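Architecture at a glance
Chain by chain, the residues run as shown.
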Amino acid sequence: MNFMKQIVISFVLAVLFLCSCGSNGSQRPITAEMAYEGVNNYCHSAFDWSIAKDNPSIMYVAMGEETDSAYQVTFRSYTGALTYFYVDKTSGKTKMVEYVPGLDIKSEAGTIDLFDYMK
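Described below are features of the structure shown in this document.

Each value, and the rule that gives it
- Every chain's residues receive numbers from 1 upward, in the order its sequence appears when written.
- Predicted model: local features are reported for residues with pLDDT of at least 70 only, side-chain atom pairs are reported and counted for 80 or more only, and whole-chain, interface and lining totals are derived from all residues.
- Hydrogens and water are ignored here; the side-chain numbers use all heavy atoms of the structure.
- Here the nonpolar core consists of buried residues drawn from Ala, Val, Leu, Ile, Met, Phe, Trp, Tyr and Cys, with membership extended through side-chain atoms lying within 4.5 Å.
- Buried residues are those whose accessible area, probed at 1.4 Å on protein chains only, stays under 20% of the maximum for their type, while exposed residues exceed 50% and partly exposed ones sit between those limits.
- Where helices and strands are cited, they refer to DSSP runs of H or I of at least four residues and of E of at least two residues respectively, numbered from the N terminus.
- The criterion for an aromatic pair is that two Phe, Tyr or Trp rings (for Trp, the six-membered ring) have centres within 6.5 Å, with stacked assigned to planes under 30 degrees apart, edge-to-face to planes over 60 apart and tilted to the rest.
- If DSSP finds at least two bridges between two strands, the strands pair.
- Axis geometry follows a simple rule: fit a line to the C-alpha atoms, using only the stretch in contact for helices, then measure angles between N-to-C directions, giving values from 0 to 180 degrees.
- The contact rule is simple, with two residues in contact once any of their heavy atoms fall within 4.5 Å.
- Put simply, a salt bridge is a Lys or Arg side-chain nitrogen that is within 4 Å of an Asp or Glu carboxyl oxygen.

Before going further, it helps to examine the nonpolar core. Membership of the largest hydrophobic core comes to 19 residues, with the highest contact counts inside it found for Ile30, Val39, Cys43, Val61, Phe75, Phe85 and Val87. When residues of this core are assigned to their parent elements, the largest contribution, 5 residues, is made by helix α3 (residues 32-46).

So this is what it looks like as C-alpha coordinates:
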(Lines give C-alpha, C1' and ligand atoms only; values in the text may rest on other atoms or scores of the structure.)
Protein backbone atom coordinates (compact mmCIF):
# COMPACT_ATOMS: atom_id res chain seq x y z
CA MET A 1 0.00 0.00 0.00
CA ASN A 2 2.88 2.36 0.81
CA PHE A 3 4.41 1.73 -2.63
CA MET A 4 1.16 2.65 -4.41
CA LYS A 5 0.87 5.85 -2.36
CA GLN A 6 4.43 6.84 -3.39
CA ILE A 7 3.60 6.27 -7.05
CA VAL A 8 0.46 8.42 -6.83
CA ILE A 9 2.31 11.21 -5.01
CA SER A 10 5.16 11.06 -7.55
CA PHE A 11 2.67 11.25 -10.41
CA VAL A 12 0.87 14.25 -8.90
CA LEU A 13 4.18 16.06 -8.30
CA ALA A 14 5.31 15.33 -11.88
CA VAL A 15 2.05 16.73 -13.28
CA LEU A 16 2.33 19.85 -11.14
CA PHE A 17 5.93 20.36 -12.25
CA LEU A 18 5.05 19.97 -15.93
CA CYS A 19 2.10 22.34 -15.64
CA SER A 20 4.29 24.99 -14.03
CA CYS A 21 6.66 24.83 -17.01
CA GLY A 22 4.00 25.89 -19.54
CA SER A 23 4.29 28.92 -21.80
CA ASN A 24 2.63 31.34 -19.38
CA GLY A 25 5.02 30.38 -16.59
CA SER A 26 8.10 30.79 -18.75
CA GLN A 27 7.28 34.21 -20.17
CA ARG A 28 8.37 37.27 -18.30
CA PRO A 29 6.16 40.34 -17.94
CA ILE A 30 6.44 42.75 -20.84
CA THR A 31 8.01 46.15 -20.10
CA ALA A 32 7.46 49.33 -22.10
CA GLU A 33 11.00 49.01 -23.46
CA MET A 34 10.32 45.45 -24.63
CA ALA A 35 7.07 46.53 -26.31
CA TYR A 36 8.86 49.32 -28.17
CA GLU A 37 11.81 47.11 -29.18
CA GLY A 38 9.62 44.29 -30.48
CA VAL A 39 7.31 46.57 -32.46
CA ASN A 40 10.23 48.59 -33.80
CA ASN A 41 11.95 45.39 -34.96
CA TYR A 42 8.72 44.19 -36.57
CA CYS A 43 8.19 47.50 -38.39
CA HIS A 44 11.76 47.56 -39.69
CA SER A 45 11.39 44.02 -41.03
CA ALA A 46 7.87 44.40 -42.47
CA PHE A 47 8.01 47.85 -44.06
CA ASP A 48 10.35 49.51 -46.55
CA TRP A 49 12.16 52.34 -44.76
CA SER A 50 14.26 53.44 -47.76
CA ILE A 51 11.86 56.31 -48.50
CA ALA A 52 12.66 57.73 -45.05
CA LYS A 53 16.42 57.72 -45.66
CA ASP A 54 16.51 61.40 -46.65
CA ASN A 55 13.70 62.44 -44.31
CA PRO A 56 13.72 60.23 -41.17
CA SER A 57 10.78 62.06 -39.57
CA ILE A 58 8.42 60.83 -42.29
CA MET A 59 8.31 57.34 -40.71
CA TYR A 60 8.64 56.52 -37.05
CA VAL A 61 7.74 54.24 -34.17
CA ALA A 62 6.65 55.88 -30.91
CA MET A 63 5.18 54.83 -27.59
CA GLY A 64 1.53 55.68 -27.11
CA GLU A 65 -0.88 55.30 -24.24
CA GLU A 66 -0.58 52.66 -21.55
CA THR A 67 -3.40 50.84 -19.78
CA ASP A 68 -3.31 48.35 -16.92
CA SER A 69 -3.16 45.47 -19.42
CA ALA A 70 -1.48 46.82 -22.58
CA TYR A 71 1.03 49.19 -24.12
CA GLN A 72 0.19 51.07 -27.28
CA VAL A 73 3.00 51.56 -29.77
CA THR A 74 2.36 53.63 -32.89
CA PHE A 75 3.96 53.25 -36.31
CA ARG A 76 3.61 56.12 -38.79
CA SER A 77 4.06 55.26 -42.43
CA TYR A 78 5.38 57.70 -45.02
CA THR A 79 1.80 57.77 -46.41
CA GLY A 80 0.53 59.26 -43.16
CA ALA A 81 -1.30 56.08 -42.17
CA LEU A 82 -0.91 54.95 -38.58
CA THR A 83 -0.72 51.42 -37.26
CA TYR A 84 -1.48 51.04 -33.58
CA PHE A 85 0.08 48.03 -31.87
CA TYR A 86 -1.63 46.98 -28.63
CA VAL A 87 0.88 44.82 -26.73
CA ASP A 88 -0.58 42.63 -23.97
CA LYS A 89 1.63 43.11 -20.90
CA THR A 90 1.31 39.48 -19.82
CA SER A 91 1.42 37.40 -23.00
CA GLY A 92 3.15 39.57 -25.60
CA LYS A 93 0.26 38.99 -28.01
CA THR A 94 0.03 42.14 -30.08
CA LYS A 95 -3.08 43.34 -31.92
CA MET A 96 -2.59 45.68 -34.87
CA VAL A 97 -5.12 48.33 -35.91
CA GLU A 98 -4.53 50.48 -39.01
CA TYR A 99 -5.89 54.00 -39.17
CA VAL A 100 -5.96 56.33 -42.17
CA PRO A 101 -6.60 59.83 -40.74
CA GLY A 102 -7.41 61.51 -44.07
CA LEU A 103 -10.23 59.06 -44.75
CA ASP A 104 -11.10 58.38 -41.09
CA ILE A 105 -10.89 54.63 -41.74
CA LYS A 106 -9.87 52.21 -38.98
CA SER A 107 -9.44 48.48 -39.56
CA GLU A 108 -8.06 45.44 -37.74
CA ALA A 109 -4.76 44.36 -39.29
CA GLY A 110 -3.97 41.09 -37.50
CA THR A 111 -1.78 40.03 -34.62
CA ILE A 112 1.85 39.23 -33.94
CA ASP A 113 3.69 37.63 -31.04
CA LEU A 114 6.06 40.23 -29.64
CA PHE A 115 8.57 37.55 -28.63
CA ASP A 116 9.04 36.66 -32.32
CA TYR A 117 10.64 40.11 -32.81
CA MET A 118 12.79 40.36 -29.70
CA LYS A 119 16.55 40.03 -30.06
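The next subject is the packing of aromatic side chains. Scanning the model with the defined rule gives 5 aromatic pairs in all. Between Phe47 and Phe75 the ring centres are 4.5 Å apart and the planes differ by 10°, which places this aromatic pair in the stacked class. In this pair, Phe47 is assigned in the loop between α3 and β1 (60-66) and Phe75 in strand β2 (residues 70-76), connecting sequence segments 28 residues apart. Here Phe75 falls in the buried class, since its relative accessible area comes to 2%. Centroid distance Trp49 to Phe75: 5.7 Å. Interplanar angle 55°. Geometry classified as tilted. Of the two residues, Trp49 sits in the loop between α3 and β1 while Phe75 sits in strand β2, which places them 26 residues apart along the sequence.

A few words on the sheet that holds β1. If you trace the 5 strands from one edge of the open sheet to the other, you get β1-β2-β3-β4-β5, paired in antiparallel fashion. This sheet does not close on itself; its edge strands, each paired only once, are β1 and β5 (105-113). Taken pair by pair, the neighbouring strands of this sheet meet at an average axis angle of 25°, ignoring direction. For strand β3 (residues 82-88) and strand β4 (residues 93-100), the ladder comprises 6 bridges, and the chain directions are antiparallel. Directly across from Leu82, in β4, lies its bridge partner Tyr99. This element, α3, spans β1, β2, β3, β4 and β5 of the sheet and lies at about 145° to β1.

Let us look at the pattern of salt bridges. A full pass over the atoms with the stated rule returns 2 salt bridges. Linking Lys95 and Glu108 is a salt bridge whose minimum nitrogen-to-oxygen distance equals 3.8 Å. In this pair, Lys95 sits in strand β4 while Glu108 sits in strand β5, placing the two residues 13 residues apart along the sequence. Lys95 gets classed as partly exposed once you look at its relative accessible area, which sits at 35%.

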